Amino acid sequence: MSLLDPAERSRVGGQNQSELLGAPAPAPRTLLEASWRDYVFGEVWTRSGLDRRSRFLISIASATCEGARLDVLDGYIRGALTLGELTLAELREAALHFAVYGGWSRAVGLDTAVTRVANALGLPPADYSPIRDEPWDPKQRLAEGDANFKAVMVMPAPPPVTPYFEGGILNFVFGEMWMRPGLDQRARRWVTLTCVADSGATTPIRSHTYAAMASGNATLPEMQEFVLHYGIHGSWPKASVMQATVLEMGKRVANGLPFE
Amino acid sequence: MSLLDPAERSRVGGQNQSELLGAPAPAPRTLLEASWRDYVFGEVWTRSGLDRRSRFLISIASATCEGARLDVLDGYIRGALTLGELTLAELREAALHFAVYGGWSRAVGLDTAVTRVANALGLPPADYSPIRDEPWDPKQRLAEGDANFKAVMVMPAPPPVTPYFEGGILNFVFGEMWMRPGLDQRARRWVTLTCVADSGATTPIRSHTYAAMASGNATLPEMQEFVLHYGIHGSWPKASVMQATVLEMGKRVANGLPFE
Amino acid sequence: MSLLDPAERSRVGGQNQSELLGAPAPAPRTLLEASWRDYVFGEVWTRSGLDRRSRFLISIASATCEGARLDVLDGYIRGALTLGELTLAELREAALHFAVYGGWSRAVGLDTAVTRVANALGLPPADYSPIRDEPWDPKQRLAEGDANFKAVMVMPAPPPVTPYFEGGILNFVFGEMWMRPGLDQRARRWVTLTCVADSGATTPIRSHTYAAMASGNATLPEMQEFVLHYGIHGSWPKASVMQATVLEMGKRVANGLPFE
């Protein structure tokens, strides 16, 4: 397959678009629609270096962040489900994971889109484990949060000295959410990385970029590919921040240095 | 009330959810819905340390920022009105206040949601004072803006050397908006803090966090609680920026230091 | 025309609002609606220092960024089309330009709004040049992207060492998009500046503010006016970042210094 010819790029792009969105792509009626076909689906999605499941997670999380018109988000969900790249149960876990890193308010948009597409496809509801099903000892819950933080972030956890650190980060985010069985850690990374990229918040951008590579969830070349794939959906300016951070943290991890 | 048992947490969460959203909460159908009940309404909204009126203002402003699906925003507005935590007239003032700190474009979403809920509840329209009802002398208007800035921000005002400072900050934001009688200053703080947290803009985040405490509008423990409450709605990464700023500015204000 | 009298300000604001949104403005029913008439249309849009075409581009790009309720965005598009400030073909180019700097996901919101308004006005579809219609040599494509980057940004281009720089910035953003004939470079600047302001990303904010003035696309006084006009739509906190950057980069460009 050569993409050096514009007609070929359009042909491949249209084919990809139909497959990835789970429905026949209509011919572009506007310039923007032509750019989706030729550039987004013809050039970016065809690149090697990052698997399709990861690209779906990044696209879905980013479309949710941007409050995307529902047909963009619905298309990616439908494509991921019909291609078997993500199951309905995994998408439900992804919506909860998104809630933490992108806010509960916007997560409703994702969860509702998943319901709408699942209904249209005639899928039965997915079971889910309860948030927690056993009573807990507050001290033990905090200790678990602390241990999980270290495992996921590859750095020490913050002390539980504020409501945000205690009731938020330790008790819920790392105590109850990250370790849930319904979605693997690599998938959770892409949702996290997309949401922190969207947030523009420097420290989480740096710490999660470091942890993605230090944990072995993603290689440096995959992170480089992430920057481009995120950029088309989440915007070039925000991607430029990720680009600089990936280059910096890639060196840090390669040299075996701790997060700083 | 103990929240150490998951069944009890779900029960309290569901009860709170019904009360705070002003309508019976259906049983969760998805994992995300379960997390709203168990974590957002069962754990976060039940915390002491910040009054319910403040939590409503933060939730409403944040849902508007995030372009939340209308049923999240509508629910909070309905709850605040039916519980008497905010009046219709106050919500109209909050929409104008939001316009300044979150942009006029998104403020339309809030104002429209308020109209929709008020109509559904059969409330009569709220009167409002005009933006300004007396002629003004441009010099006096600027002088008033300057004085109000000092009173609200507890720091010197910028000189009117650009259109933004003169025609924006001094003439309108502090000259006409902050001092309006329909909403108290503490309520305006929560809307402001939520919007600057969402913006990610370092200087306003720092100056408004400082001013919130230096003015006596909020205590340090309330600001700590704000970080967690904002975090669930506006996202953990953006809340982490507020957490660091609250810790820094809390020390500054406790030591009687000026903003810097 | 004097705006020192509130009744006169309301009258002028209402007249402007009808003209700029291409439809008779109803009397305000809420405080927020009164502020649109009196402040946004009565004070800000009436200022000299920036032409109406530029103000439309900033307003349209910002409303798209903020996921504005459709009637805000639709109103500006209808006004720009009926006043002849922007053609349908130019709006289609602006949607593609927005995709790069604000993300493809949100760009769909703009493109769809343009279609809706054009249909309502009975306009025939606008033709557009294909993204690319001739085969290309990969090396030449990169070389063109490099040369265009220098011309547009008035600074050296990044080397093509990552997927983002090679497949994104050089091959597409500067290789295929910026130099398209359907929209002039000054118009593209306003879309770009609005999107980078919204992104909050420091480096693109600085580089595009510098380039806007260094290229001669906008004068320093126009950039000052941009800050206020952007501020009303995109929020005061984000505008404050632009204000500081415009002051810094204005001095740099006035002194003939390179970007740094």
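Residues numbered from 1 in each chain as written. Chains lettered and ligands numbered in written order. Predicted model: local features only at pLDDT ≥ 70, side-chain atom pairs only at ≥ 80, totals over all residues.

When helices and strands are counted, chain A shows 12 helices and 0 strands. Its helices and strands in sequence order give chain A the pattern α-α-α-α-α-α-α-α-α-α-α-α, from N to C terminus. In terms of overall size, chain A behaves like a compact globule, its C-alpha atoms giving a radius of gyration of 19 Å where 260 residues would be expected to give roughly 18 Å. Summarising its shape, the C-alpha atoms of chain A cover approximately 60 × 45 × 25 Å along the three principal directions. The buried share of chain A, reckoned over its 260 residues, is 58%. Considering only residue pairs separated by 6 or more positions, chain A has 72% of its internal contacts joining residues 24 or more positions apart. (Helix = DSSP H or I, 4+ residues; strand = E, 2+ residues; numbered from the N terminus. Rg over C-alpha atoms; globule rule 2.2 N^0.38 Å. Buried ≥ 20, exposed ≤ 12 C-beta atoms within 10 Å, placed from the backbone. Contact = placed C-beta atoms within 7 Å.)

Moving on: the environment of glutamine 17 of chain B. All names here are of chain B. Mapping glutamine 17 onto the fold places it in helix 1 (residues 6-21). For the pair glutamine 17 and isoleucine 232, spaced 215 residues apart in sequence, the C-alpha to C-alpha distance is 15 Å. Those residues in contact with glutamine 17, other than ones at most four positions away along the chain, are Ala25, Trp36, Arg37 and Phe41.

The next subject is the packing of helix 9 (residues 185-199) of chain B against helix 11 (residues 220-234) of chain B. Residue and element names in this part refer to chain B. Put simply, helix 9 and helix 11 touch, their axes get as near as 11 Å, and they point 55 degrees apart. One way to sum up the angle between helix 9 and helix 11 is to call them oblique. With respect to the hand of their crossing, helix 9 and helix 11 are arranged in right-handed fashion. On helix 11, the residues that touch Leu193, Thr194, Ala197 and Asp198 of helix 9 are Phe226, Tyr230 and Gly234. (Axes fitted to C-alpha atoms, helices over the stretch in contact; angles between N-to-C directions. Parallel < 35°, antiparallel > 145°, perpendicular 65-115°, else oblique. Left-handed = near helix turned anticlockwise from the far one by under 90°.)

Attention now goes to the interface of chain A and chain C. The partner chain C presents 42 residues to the 41 residues of chain A that form the contact. Every element with two or more residues in the side of chain A that touches chain C is listed here: helix 2 (31-44), helix 3 (52-65), helix 11 (220-234) and helix 12 (236-254) of chain A. In terms of residue count, the dominant contributor to the side of chain A that touches chain C is helix 2 of chain A (10 residues). Taken together, the residues that form the side of chain A that touches chain C break down as 19 nonpolar, 13 polar and 9 charged. (Nonpolar A, V, L, I, M, F, W, Y, C, P; charged D, E, K, R; others polar.)

Quick look at the relation of the copies chain A and chain C now. Take chain A, turn it by 120 degrees, move it 0.0 Å along the axis, and it overlays chain C with an RMSD of 0.0 Å. Both copies of the chain, as the preceding transformation shows, are related through a three-fold rotation axis. Of the interface residues in chain A, just 5% have counterparts in chain C that sit at the interface too, so the contact is made through distinct surfaces. (Least-squares fit on C-alpha atoms with pLDDT ≥ 70 in both.)

What follows concerns the interface of chain A and chain B. Counting from both sides, the interface comprises 42 residues of chain A and, opposite them, 40 residues of chain B. Taken together, the elements giving at least two residues each to the side of chain A that touches chain B come down to helix 5 (88-102), helix 6 (104-121), helix 8 (163-177), helix 9 (185-199) and helix 10 (202-214) of chain A. When the residues that make up the side of chain A that touches chain B are grouped by side-chain class, the tally is 23 nonpolar, 12 polar and 7 charged.

Take unusual backbone geometry next. Most peptide bonds are trans, and most residues other than glycine sit at a negative phi. A positive phi angle, near 55 degrees, is found at valine 154 of chain A, a position not held by glycine. As for its position among the elements, valine 154 of chain A is in the loop between helix 7 (138-153) and helix 8.

Residue and element names in this part refer to chain B. Two elements in contact, helix 3 (residues 52-65) and helix 4 (residues 70-82), have axes separated by 9 Å at closest approach and are oriented at 155 degrees. The pairing of helix 3 with helix 4 is recorded here as roughly antiparallel in orientation. As for how helix 3 packs across helix 4, the hand of that crossing is left-handed. Where helix 3 abuts helix 4, its residues Phe56, Ser59, Ile60, Ala63 and Thr64 lie against Val72, Leu73, Tyr76, Ile77 and Ala80. Residue classes in the contact of helix 3 with helix 4 are distributed as 8 nonpolar, 2 polar and no charged.

This brings us to helix 11 (residues 220-234) of chain C. Look at helix 11 of chain C: 20 Å from first C-alpha to last across 15 residues, which is about the 21 Å you get at 1.5 Å a residue. Two residues or fewer past helix 11 of chain C, serine 235 of chain C is found with a positive phi of approximately 105 degrees. (Expected span 1.5 Å × (residues − 1).)

To continue, consider the relation of the copies chain A and chain B. Relative to chain B, chain A is turned by 120 degrees and slid 0.0 Å along the rotation axis, the superposed coordinates differing by an RMSD of 0.0 Å. Of all interface residues in chain A, a mere 5% are interface residues in chain B too; the two copies therefore contact each other through different surfaces.

Moving on, we get to helix 3 of chain A. All names here are of chain A. Over its 14 residues, helix 3 extends 20 Å from the first C-alpha to the last, a length consistent with the 20 Å expected when each residue adds 1.5 Å. With 11 of 14 residues buried, helix 3 lies mostly within the body of the structure. Every buried residue of helix 3 is accounted for by Arg55, Phe56, Leu57, Ile58, Ser59, Ile60, Ala61, Ser62, Ala63, Thr64 and Cys65. With its phi angle positive at about 60 degrees, glycine 67 sits one or two positions after the end of helix 3.

Here we come to the confidence of the model for chain A. Residue-level pLDDT values for chain A average 95, and 99% of them are 70 or greater. Interface predicted TM-score (ipTM) for the complex: 0.95; the corresponding pTM is 0.96. (pLDDT = per-residue confidence, 0-100.)

Before going further, it helps to examine the environment of proline 26 of chain B. For proline 26 of chain B, the position within the fold is in the loop between helix 1 and helix 2 (31-44). With 117 residues separating them in the primary sequence, proline 26 of chain B and alanine 143 of chain B have C-alpha atoms 54 Å apart.

Residues and elements named next belong to chain B. Looking at the element boundaries, isoleucine 169 is found in helix 8 (residues 163-177). As for isoleucine 169 and isoleucine 131, which are separated by 38 residues in sequence, their C-alpha atoms are 15 Å apart. Once residues within four sequence positions are removed from consideration, isoleucine 169 is found in contact with Pro158, Tyr164 and Phe174.

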